[in-house]
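Coordinates in review
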Amino acid sequence: QVQLVESGGGLVQAGGSLRLSCAASGRTFSRYAMGWFRQAPGNQREFVAAINWGGENTYYANSVNGRFTISRDNAKSTLYLQMNSLKPDDTAVYYCATRRSAGGIYYYRHYEYDYWGQGTQVTVSS
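This text gives an overview of the structure that appears in the document.

Basis of the calculations
Once a new chain begins, its residue numbering starts again from 1 and follows that chain's sequence as written. Where totals are concerned, whole chains, interfaces and linings use all residues; where local detail is concerned, this predicted model gives features only for residues with pLDDT of at least 70, and gives and counts side-chain atom pairs only at 80 or more. Each side-chain value is derived from all of the structure's non-hydrogen atoms; neither hydrogens nor water enter the calculation. Nonpolar core, defined: a set of buried Ala, Val, Leu, Ile, Met, Phe, Trp, Tyr and Cys residues in which side-chain atoms within 4.5 Å join the residues together. Burial classes follow relative accessibility: with a 1.4 Å probe on protein chains only, a residue under 20% of its type's maximum area counts as buried, one over 50% as exposed, and anything between as partly exposed. Strands are runs of DSSP state E lasting at least two residues, helices are runs of H or I lasting at least four, and both sets are numbered from the N terminus onward. Should DSSP find at least two bridges between two strands, the strands are regarded as paired. Each axis is a line fitted through C-alpha atoms, taken for helices only over the stretch in contact, and angles between the N-to-C directions span 0 to 180 degrees. Throughout this description, the term salt bridge denotes a Lys or Arg side-chain nitrogen within 4 Å of a carboxyl oxygen of Asp or Glu. Put plainly, a pocket is an open set of points on a 1 Å grid over the protein atoms alone with protein on both sides within 12 Å along at least five of seven lines, a cavity is a set where a 1.4 Å probe fits but cannot get out, and a lining residue has an atom within 4 Å of a point. Grid points are joined across faces, edges and corners, and a volume is the space filled by probe spheres set on the points. Amino acid classes used here: Ala, Val, Leu, Ile, Met, Phe, Trp, Tyr, Cys and Pro are nonpolar; Asp, Glu, Lys and Arg are charged; the rest, including Gly, are polar.

Moving on: the nonpolar core. Soluble, globular proteins show a tendency: their nonpolar side chains are buried together. Ranked by internal contacts, the top residues of the largest apolar core, which has 35 residues, are Trp36, Leu79, Leu81, Met83 and Tyr94. Elements that contribute at least two residues to this core include exactly β3 (18-25), β4 (34-39), β5 (46-51), β7 (68-73), β8 (78-83), β9 (92-98) and β11 (120-125). Per-element tally for this core: the top contributor is β5, with five residues.

So, in structure tokens, the structure goes:
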């Protein structure tokens, strides 16, 4: 059974940085594309960043491009999201996700993902 566990969230001042981690288990991590999404109170879940199975291809939402970096360590079965220059608008619960099917480049629609973590709260104060 695929399990995804996020960590690294917390409270940070505007302009600060955080690094989120997503530990995966239950299958061969390196075969599957991964993504990060976030959801603020009262808002729909929105795409943040995506990465292909090998880590060579990445894709970002316009709102985070240039500030956030998605990466993966396939040897550790872990996905990362480095978040710099954080803004109050980045406040949300952040989720990692993966697909049932292997391969592919990257995916940015929530319905393209089949497995989700429980989320980690990120709060950016002004």
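Our next topic: the sheet that holds strand β1 (residues 3-7). Pairing is antiparallel in the open sheet, where four strands are placed in the order β1-β3-β8-β7. Of all strands in the sheet, those with a lone pairing partner are β1 and β7, marking the two edges. Here the strands of the sheet are splayed against their neighbours by 15° on average, with no regard to which way each runs. As paired elements, β7 and β8 share six bridges and run antiparallel to each other. The residue bridging Arg72 from the neighbouring strand is Leu79, located in β8.

The phi angle at Ser77 is positive, at roughly 55°, despite the residue not being glycine. Among the structural elements, Ser77 can be located in the loop between β7 and β8. Phi at Ser85 takes a positive value of approximately 50°, unusual for a residue other than glycine. Tracing the sequence through the fold places Ser85 in the loop between β8 and β9.

Time to look at the pattern of salt bridges. In total, this model carries five salt bridges according to the counting rule given. Across the pair Asp90 and Arg38 runs a salt bridge, and its minimum N-O distance is 2.9 Å. Pair noted here: Asp90 is in the loop between β8 and β9 and Arg38 is in strand β4, with a separation of 52 residues, a long-range link. Arg109 is the partner of Glu112 in a salt bridge, and the nearest nitrogen-oxygen pair spans 3.5 Å. Within this structure, Arg38, Glu46, Arg67 and Asp90 form a network of salt bridges that share partners.

Attention now moves to empty space enclosed by the protein. Under the counting rule described, the total for this entry stands at one cavity of 30 Å³ or more. Considering only enclosed or pocket space, the largest cavity measures out at about 60 Å³ in volume. Considering the residues around the largest cavity, the lining is formed by Val2, Leu4, Ala24, Ser25, Arg27, Phe29, Tyr32, Met34 and Thr98. Classifying every residue of the lining of the largest cavity by side-chain character gives six nonpolar, two polar and one charged.

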